[in-house]
Amino acid sequence: VKDKILNEIDLILENIGNERENLIPILKKVQTLIEGNYIPHEVAKHIADKMNIPESEVFETVSFYAIFNDKPKGKFMIRICDSTVCKINDSYSIVESLEEVLNIKTGEVTKDGMFSLDYSPCFGACDISPAIRVNDIVYGNLNHEKIVSIIERIRVGELS
Amino acid sequence: LKRIANLLTRNFNKYNPDNFEQFMNIDGFEALIKSIKMNKEFIISEIESSGLMGRGGAAYPSGKKMREFVKYKGENKYIICNADEGEPGTFKDRSLLELDPYSIIEGMIITAFAVGATVGYVYIREEYSYLVNRFDQALSNSRKNGFLGEKIQNIEFNFDIKVFIGAGAYICGEGTSLIESIEGKPGRPRIKPPNTKEKGLFNQPTLIYNVETLTAIKTIMRFGSDEFSKYGTEKSKGTKLISLCGNVKNPGTYEVPFGITLREIVYDLGGGILNDKQLKFLQIGGVSGAIFPAKLIDTPLTYEDFKELGFSIGSGAILVADNSVNMLDFLGAVGAFFYHESCGKCTPCREGNRQLLNIYSRLKSGTALKEDAMNIEKIAKVMKNASFCGLGQTAPTALLTAIDFCPEEIFRRSVQHE
């Protein structure tokens, strides 16, 4: 991790305030700074030192919450709902389509670092099931054609 | 009986939620302005006599909760709006956040006034981050126009609301876990007592209401408890927001009066089963809810009718499953969810969910042992009775109710391996 990033992390700590209760918002902000959307070990240690708390507490929080990654993810994190409603609306074929279009398996990251594909618990889009999230944005009522088009539009920069 | 009610959802699509003036024109914080001219006792007794029960799932009488909370003293008194709508199959709070954020804020301000709270938190689940800008905007408009902050409407009443965005954890919908999360820690439940009303956030008295409950509080104060309790039945007053989803033609959020039957919900509101297949079962209250076989379709949606069956309405999620859904696959999906979301604090939940998944996979592959059929119920009952919090206690609900109505489908292949 470059010094420049560590300096930016210090700025975040200063802005949000390094009180114990701010750990979650701090980690969220920091994760967006790091290529691969994750909290590397070194960064977790840096935050722990600056907040004067044990490193284990930072790691515990990172590993507890779904939003934090301890391994690199794609620039576009695709999360497929694997809860009951999407499953009975055939999310299985959505998984197949995504794996085919991205040429990776669920749990992997594309070679160019653009996309990662993971399962996610229900994110409350059951009325437009089957659904996926790409970073914060939800796409629903999916089929193979829609998936091809979403991925293509992200690749050419039409969707962010 | 009116099929669709228009009480809590009255403002839906009537104003642009990004436009404060439009909200003021159609609604105008009328309930709030009226409430702060009343004495606090009046508000509490209105909520009590409305018969409102907590809409997050626990169905605790909301007025009683308010009255109990008043007596606790602290440096700060907090109220929290629980918008951590994590129950799979549930999205009605999302509709309220999306379409009528001001009514949630108004419900919080009225509650704060009645109970003497100074700070409010809205805990919005991470998955709804895309709704946070709108909500923040609504808060800042309310502040600018004297509805939040110091000397609200020029009386001696100070109250402000902060937004806390979650980080992705089902367990944080449980009150004490939610509080741990706001404090920056992993969301693991606390032991009770003390109740959060006595010692909650930062060890101060804390009152937690669900998004829909707060909207109902605002609605009751606007139209009166009599108007609210015109809807529903003797024991289940008012209306309920339901999240209808699954193999159904018209999924969505609906506001229904209590007393409507499940048949009316699925076939009249929902338009029936997708591709005109046969109904196999409903799961009500999300993945932690009971499985209703198709033969119970004429059950009225009321607390009392559900209680008689040993079930609960929970969050109001209604999942519709057609006859192509395999029960073991379905239970496997439910089990995988709880295995993933168990916080790991207590053994019955952490290990129980793991063992259930193992048994499901053996039942599915036809390699189950005779004792699996006996153990599965035993494990489920230990989880139900001995888990530390509601997550583990309700994780086996789907299994236990499914065993009751279709044991042959679950255990069909296990006998071969005696």
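This text follows the structure it describes.
Residues numbered from 1 in each chain as written. Chains lettered and ligands numbered in written order. Predicted model: local features only at pLDDT ≥ 70, side-chain atom pairs only at ≥ 80, totals over all residues. Heavy atoms only, no water.

**Some details on the pairing of strand β5 (residues 239-246) of chain B**
Residues and elements named next belong to chain B.
- Counting buried positions along β5 gives eight out of eight residues, so the element sits mostly inside the fold.
- Pairing of β5 with strand β6 (residues 252-257), which is carried by six bridges, proceeds in the antiparallel orientation. Opposite Ser 243, over in β6, you have Thr 253 as the bridge partner.
- Remark: five residues form the turn of the hairpin made by β5 and β6, two consecutive strands paired antiparallel.
- Pairing geometry for β5 and strand β9 (residues 317-322), over four bridges, is parallel. (Buried < 20%, exposed > 50% of the residue type's maximum accessible area, 1.4 Å probe, protein only. Helix = DSSP H or I, 4+ residues; strand = E, 2+ residues; numbered from the N terminus. Pairing = 2+ DSSP bridges.)

**Focus on the layout of surface pockets**
- Here the second largest pocket defines a volume of roughly 730 Å³.
- Contributing to the lining of the second largest pocket are 31 residues, with Ser63(A), Tyr65(A), Ala66(A), Phe68(A) and His340(B) lying nearest its centre.
- Those elements giving two or more residues to the lining of the second largest pocket turn out to be α4 (55-64), β1 (76-81) and β2 (115-120) of chain A together with α13 (327-341) of chain B.
- Looking at which element gives the most residues to the lining of the second largest pocket, the answer is α4(A), with four residues.
- Of the residues belonging to the lining of the second largest pocket, the class tally is 13 nonpolar, seven polar and 11 charged. (1 Å grid on protein atoms, 1.4 Å probe; cavity = no way out; pocket = protein on both sides within 12 Å on 5 of 7 lines; lining within 4 Å. Points joined across faces, edges and corners; volume = space filled by probe spheres on them. Nonpolar A, V, L, I, M, F, W, Y, C, P; charged D, E, K, R; others polar.)

**Focus on the sheet that holds strand β2 (residues 119-124) of chain B**
Residue and element names in this part refer to chain B.
- With parallel pairing, the four strands of this open sheet are ordered in space as β3-β2-β1-β4. What marks the edges here is a single partner per strand, and that holds for β3 (160-165) and β4 (206-210). In this sheet, neighbouring strand axes are inclined to one another by 20° on average, regardless of whether the strands run parallel or antiparallel.
- As judged from the six bridges shared by strand β1 (residues 78-83) and β2, these two strands associate in the parallel manner. Residue pairing across strands places Ala 83 opposite Ile 124, the latter belonging to β2.
- Contacts between helix α6 (residues 101-115) and the sheet are confined to β1, β2, β3 and β4, with β1 contributing the most and set at about 155° to the helix.
- Sheet strands touched by helix α7 (residues 132-144): β2 and β3. Its angle to β3, the strand with the most contacts, is close to 170°. (Axes fitted to C-alpha atoms, helices over the stretch in contact; angles between N-to-C directions. Contact = heavy atoms within 4.5 Å.)

**What to know about the nonpolar core**
- Residues Val30(A), Ile47(A), Tyr65(A), Ile109(B), Phe159(B), Ile376(B) and Ile410(B) are the most contacted members of the largest nonpolar core, which totals 145 residues.
- Dropping the residues within four chain positions of it, Val30(A) is found in contact with Ile9(A), Ile12(A), Ile39(A), Val43(A) and Ile47(A).
- Counting residues in each nonpolar core, the second largest holds 26 residues, with Val248(B), Tyr254(B), Leu282(B) and Ile284(B) among its members. (Core = buried A, V, L, I, M, F, W, Y, C linked by side-chain atoms within 4.5 Å.)

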